Amino acid sequence: MAAIVQFKQIVPEVFIESPSEAKALPRGARVLLAFVWAIGTAVLVQTAISWRSPDLIKFGAYLAVSLFSAGARVRVPGVSGPLPLSYLFVLLGLLELTAPETILLACGVALVECYWRKPQRPRVTFALLQIALMAVAAWAAEGVFHSPWFEFARFEFGWLEGSVIDTSIRLAAATLALFLINTAPTAAWNALTERERFAAMWLSTSFWSLPHYLAGAGIAQAVSSAAHFVGWQTVLLTGPVVYLIYRSYRLYLIRLEGEKRHAEELASLHLRTIEALALAIEAKDHTTHDHLQRVQVYARELAHALELTDTEKHALEAAALLHDIGKLAVPEHIISKPGRLTPEEFEKMKIHPIVGAEILERVRFPYPVAPIVRAHHEKWDGSGYPSGLKGEAIPIGARILAVVDCLDALASDRQYRRALPLEEAMKVVRSETGKAFDPRVVDALAAGYVEWERKANVPAPKSATLSTEVKVERGAAPAAGFEASNGSPAVVKAAANSSEPRVDFLNLIAAARQEVQALFEISQDLGNSLSLGETLSVLDVRLRHIIPHHSLAVWLKRGDELIPEYVNGEDCRLFSSLRIPMGQGLSGWVAENGKPIVNGNPSVEPSYLNDRNRTSLLQSAVAVPLEGSGGIMGVLTLYHMERDAFTKDHLRILMAIHLKIGMSIENALKFQQAESSATTDYLTSLPNARSLFLQLDAEVSRARRNNQPLTVVVLDLDELKQINDRYGHLEGNRVLREVAIGLKANCREYDYVARMGGDEFVVLLSGAKPADAENRVEEFRRVVAGIGIQSFDKPLSASIGVAHLPGDGGDAERLLAEADRLMYQQKRSRKHHRAGTEKAPAWARDWNTTSVQ
């Protein structure tokens, strides 16, 4: 019965919905299927002919209890699948019921197991096969149990003396027969369909359940014996008690599985902790990334060669990744120094094993990682650090780590020397045998380092990396402010007893130097990126160092208005909402006249709105025009909270770089436009075919990852050619734009609408069920028809193909091809229908007429 559970996992996919599917099965499988059906049918017919039931009430009670228990399954720790309880009642039937009653009980149990708590109802042919197989198994068990051979052996040879022994032997033999008939056809079927050996398949999928069958036979005999003493009615009344024991056992297993899951999550947490700490090391010292990977490979192989315990192997594997974690406490200039260390620097470097061990002790690994990290710079002769351990006192993991760490360091490029060839590096390691390194570890390394080097050079899967090179746009200054600059005030008070200011020439020189450096950095940064947002963000940050301000806005000219392209700082929401007409406000005046302004009033920016509630609290502004190749393209405006906060020097600095800023913005806009045109359809402003393919690949990957449906809809306008021929291509283009707008309006916010080309559109419906997708398709048809009625007093039609993931394809290309095929199939069927219709509708005849009335 346990094998039937595995049988059900394979059979429904191949059982049998049409003759063509049956022919696709291997010949041996078809023969086995027909044989089981034939024998099962014969057994059921014989059971019906020879039916006898001396006690219908007893049979009915046993049948009811067995059918009720057929859906129950017991999970045993260490066993892959659940064990059904129903075969216990088949074995009990051998002892308590007649042969026809036992066979009928077995068939009822098989039927209930097919449909009890199944998410998908199996086909009728599959259920009939299960009934036939159980009927044959019960019939064979009955035949063995009541075999005359046992009577012959007892009377002829004197074997099996005693009724209990006789019954036990008979029941054991019948149980073996039941087990073989249940499992052998299943294993044979799996072997034939998967083209594997029968014996291997039977041993791997079914043999494990034999002890449970025999245990069930023992339970059945015990119940039968109890029934003879106290009556079967009393035995059945113990059913509620047995059910409570079963429920308690299930609760125990659920708790056991929960504890097992918790242990697995804890182990996973330790693994993720190791990975996170390894990333922390990489962020500090990038040269250690490949070093850690190689050391891990060498350490793993050495641990296997030296036959370490599993605990020692796990500890060494973690330590191989984390042995340099203590370098987080070492100044970076010491770690990356391109030369030999000074005694003072070496003293600082020597703390990293201690710090690393202290960090790892807080993690509380289930294996001793911290002692290995603490001792990985100890030497065999006791001259190492930090504790001066000697010989076997050094943990074996630390001895292994010291050897492989040294070998890889010698064979890798470092800041202070070039790498040695691997053979020469191994000679250096050998020369330290008995002094720095354990001789046994060195010998094992020398025997396998060539092969392990090949394994270490195999490219590893790309691991997660830290965003150490990312540029953060937000956060213009720390809460405490920046370090004070010495170059700001050029004029200081001479002394408390003097009212005459004097010029501080040192500050002037420093300020000039700082200004030149700042302008140089701005010029360099403006040419480093073609991203408009990044360019303006960098400009904002750089300008704050030389021109203090509380808000910055870059206004770009769009027709007769200035549109805020970048706003940051105070009142950013107000400025972001403005569309300043040319000549209006402070920035509008600068754009129209092409002249800068210093210490203008920012409150006039929203004055064109005539809304007293929309005013700025900023007190002063400096604005300069931004020029491109075609003239004024925008305005750069800085705002300040204080009156007259800007000086002529500030304006001079802005005028020195405003041409460079304008040129950089123009280049970024051209790049943005080119990037957009490469992925956007010029006519409908929808994504084009190139963008569609990229988006479809991403949607397929996301749908697979989240196990969600995805629908691809391909829509083609049937009458666009007739519209172009009759009304002109401009009218056809207008129809395409209206269809694009209509499709977009009738999709969800996260659906994706693209123009494939010509009169063909594609819609990606993420997460939509097939029924919802069909409703959406009908809505698309109504949209297209409505556009035709509104524009030409005739409805337009569209051919639409729909493909679903995963049913119609497993990747983007297949999904799109299937939807396209279905669309063209629909289009051809419409053409044939029109051609074969003698009297077409008036609007259809009109679309087929190309002359202009």
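Heads up: the structure comes first, above all this text.
All of these numbers come straight from a predicted model, not from anything done at the bench.

A. How the structure looks around the overall build of the chain. When helices and strands are counted, the chain shows 33 helices and 14 strands. Looking at the 853 residues of the chain, the share that counts as buried comes to 43%. Considering only residue pairs separated by 6 or more positions, the chain has 66% of its internal contacts joining residues 24 or more positions apart. Accessible area for the chain stands at about 46000 Å²; split by element, carbon and sulfur atoms hold 57% of it.

B. Structural context of the environment of L692. For L692, the position within the fold is in helix α28 (residues 689-706). Considering only alpha carbons, one finds L692 and T680, 12 residues apart in sequence, at a separation of 9.6 Å. Apart from residues lying up to four places away in sequence, L692 is in contact with Y752, A754, M756, V762 and L764.

C. Fine view of the sheet that holds strand β14 (residues 798-805). Judged by pairing direction, the sheet is antiparallel, and its four strands sit side by side in the order β12-β13-β11-β14 without closing on themselves. Each edge of the open sheet is held by one strand with a lone partner, namely β12 (752-757) and β14. For this sheet, the mean angle separating the axes of adjacent strands, direction not counted, is 20 degrees. Contacts from α28 reach β11 (710-717), β12, β13 (760-766) and β14, with the element oriented near 135 degrees to β12.

D. Main features of the side chain of E699. Mapped onto the secondary structure, E699 falls in helix α28. Residues contacting E699, with those up to four places away along its chain left out, are L710, L764 and S766.

E. Structural context of the nonpolar core. Grouped together as the largest cluster of nonpolar side chains are 51 residues, with contacts concentrated most on Y298, V369, I400 and L445. No other element matches helix α20 (residues 396-410), which puts nine residues into this core. If sequence neighbours within four positions are ignored, I400 has contacts with A299, L302, A303, L306, L308, L316 and V441. Formed by 37 residues, the second largest nonpolar core is a distinct cluster that contains C107, A110, L171 and A187.

The rules behind these values
- Residues numbered from 1 in each chain as written.
- Predicted model: local features only at pLDDT ≥ 70, side-chain atom pairs only at ≥ 80, totals over all residues.
- Heavy atoms only, no water.
- Helix = DSSP H or I, 4+ residues; strand = E, 2+ residues; numbered from the N terminus.
- Buried < 20%, exposed > 50% of the residue type's maximum accessible area, 1.4 Å probe, protein only.
- Contact = heavy atoms within 4.5 Å.
- Areas by Shrake-Rupley, 256 points an atom, 1.4 Å probe, with all protein chains shown as cover.
- Pairing = 2+ DSSP bridges.
- Axes fitted to C-alpha atoms, helices over the stretch in contact; angles between N-to-C directions.
- Core = buried A, V, L, I, M, F, W, Y, C linked by side-chain atoms within 4.5 Å.

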